[in-house]
Amino acid sequence: AIRSMFSPGPASIRSVAVMPFTNHTGNSEQEYLADGLTQLVIGNLAQLKSLRVISSTSSMAYKQAGKPLSTIAGELKIDGIIEGAINRSGDQIQVSVRLVRANEEHVWGHTYELPGVDLFKVHSDISEMVATAIRLPLTDAERRDVTRSQGVNVQAQEAFLRGLHRLNDVRAESLKRALNDFNEAIQLNPQFARAYAALCRCYLLL
C-alpha cells in the first residue's frame, strides 16, 4: 500500500455512499473487478452501527451518471462520499480510493498496488482507514470485523467478483451465470462464506 494522505481537522461524517469504482483497465471485461470491490467495501462498512451506508442498489444507480459529488451527496442526504478506480496490468492491480465530504473537500486518499488480483486484502483496509479518517467510534467486535480479511485464493475471488457483477443485472440469464460463478468459487474454496451467502441471494432473486 502506498501514498496515503489524511486531511487535518475533524471530519464530522456519519453517513456515506460508496460510488461505483471506475474501471480504468481499458477492458470492459474487467468491469467485474470494479463493481465487486465497490460491493465489498459497502458490505464491510455496513457492519458499523454508528455509520449509515447507502445500499449498493442506490449507489450503483449513479454509475456513469456524471453528476457532481456534491449533488449526489445532496440527493442521498449524506455527509461523505467514497470513490475509487481500478487499473490492471497483467496480474498487477492498482486501486486508488478517496473519501470526500459532501462539499467535495478531501478527507482521505490512498493508492494500493497489489502484486496479484487479491482485492480481499484491500477492502478491509479501506474500511478501517475510512473509520479512522472520520474518527468513528468502534466497538471491539466491529474493529475485529472491519479489519478481518478472509483468506480466499485468487481464482475463487475472481469467480466470486464476476458473480457479484452479474448479480447487479437481475435478468434471469445473468443470474443463472452468477450461480455458476458462485458455485465455482465454492468449489475452489469450500469455506468461502461470502460465496454461499451470495448464492442464496441469487436463488432468492431467481
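Residues numbered from 1 in each chain as written. Predicted model: local features only at pLDDT ≥ 70, side-chain atom pairs only at ≥ 80, totals over all residues. Heavy atoms only, no water.

1. With respect to the packing of aromatic side chains
- Enumeration over the complete set of coordinates arrives at 2 aromatic pairs.
- Between the aromatic rings of Phe160 and Phe192, the centroid separation amounts to 4.9 Å while the plane-to-plane angle is 50°, which identifies the pairing as tilted. Placement of the pair is Phe160 in helix H6 (residues 154-167) and Phe192 in the loop between helix H7 (172-188) and helix H8 (193-205), with a sequence separation of 32 residues.
- Residue Phe160 is classed as buried on the basis of its relative accessible area of 3%.
- Classification of Phe192 by relative accessible area gives buried; the value is 0%.
- An aromatic cluster is built from Phe160, Phe182 and Phe192, whose rings are joined through pairwise contacts. (Phe/Tyr/Trp six-rings, centres within 6.5 Å; stacked < 30°, edge-to-face > 60°. Helix = DSSP H or I, 4+ residues; strand = E, 2+ residues; numbered from the N terminus. Buried < 20%, exposed > 50% of the residue type's maximum accessible area, 1.4 Å probe, protein only.)

2. With respect to the nonpolar core
- Trp108 and Phe160 are the most contacted members of the largest nonpolar core, which has 53 residues in total.
- Core analysis: the second largest hydrophobic core is formed by 11 residues, Ile72, Ala73, Ile78 and Val100 among them. (Core = buried A, V, L, I, M, F, W, Y, C linked by side-chain atoms within 4.5 Å.)

3. Describing the packing of helix H1 (residues 31-45) against helix H4 (residues 120-133)
- In contact at an axis separation of 9 Å, H1 and H4 are set at 45° when each is read in the N-to-C sense. Between H1 and H4, the angle falls in the class oblique. In terms of crossing hand, the pair formed by H1 and H4 is right-handed. Residues Leu37, Leu40, Val41, Asn44 and Leu45 of H1 touch H4, and the partners they reach there are Phe120, His123, Ser124, Ile126, Ser127 and Val130.
- Here the residues of the contact of H1 with H4 are counted per class, giving 7 nonpolar, 4 polar and no charged. (Axes fitted to C-alpha atoms, helices over the stretch in contact; angles between N-to-C directions. Parallel < 35°, antiparallel > 145°, perpendicular 65-115°, else oblique. Left-handed = near helix turned anticlockwise from the far one by under 90°. Contact = heavy atoms within 4.5 Å. Nonpolar A, V, L, I, M, F, W, Y, C, P; charged D, E, K, R; others polar.)

4. Some points on H4
- Its 14 residues place the ends of H4 21 Å apart at the C-alpha level, agreeing with the 20 Å of an ideal helix rising 1.5 Å per residue.
- Burial of H4 is extensive: 10 of the 14 residues sit out of reach of the surface.
- Of all the positions in H4, only Phe120, Val122, His123, Ser124, Ile126, Ser127, Met129, Val130, Ala131 and Ala133 are classed as buried.
- Looking one or two residues beyond H4, the residue adopting positive phi is Arg135, at roughly 55°. (Expected span 1.5 Å × (residues − 1).)

5. Focus: the environment of Ile81
- Within the element layout of this structure, Ile81 appears in strand S5 (residues 80-89).
- Overall, the relative accessible area of 1% leaves Ile81 in the buried class.
- Setting aside residues up to four positions removed in sequence, Ile81 forms contacts with Ala17, Met19, Leu69, Ile72, Ala73, Arg98, Leu99 and Val100.

6. Points about the pattern of salt bridges
- Under the defined criterion, the tally for this structure stands at 9 salt bridges.
- Across the salt bridge formed by Glu83 and Arg98, the nearest N and O atoms sit 2.5 Å from each other. Here the residue Glu83 occupies a position in strand S5, and Arg98 occupies one in strand S6 (residues 92-101), the gap between them amounting to 15 residues.
- Where salt bridges share partners, they join Arg162, Arg166, Asp181 and Glu184 into one cluster. (Salt bridge = Lys/Arg side-chain N within 4 Å of Asp/Glu carboxyl O.)

7. As for unusual backbone geometry
- With a phi close to 75°, Glu104 is a non-glycine residue in the positive phi region.
- Structurally, Glu104 can be placed in the loop between S6 and strand S7 (106-114).
- A relative accessible area of 34% means that Glu104 is categorised as partly exposed.
- The phi angle at Arg135 is positive, at roughly 55°, despite the residue not being glycine.
- Take Arg135: it is sitting in the loop between H4 and helix H5 (140-147).

Remember that the coordinates give geometry; whether it matters functionally is a separate question.
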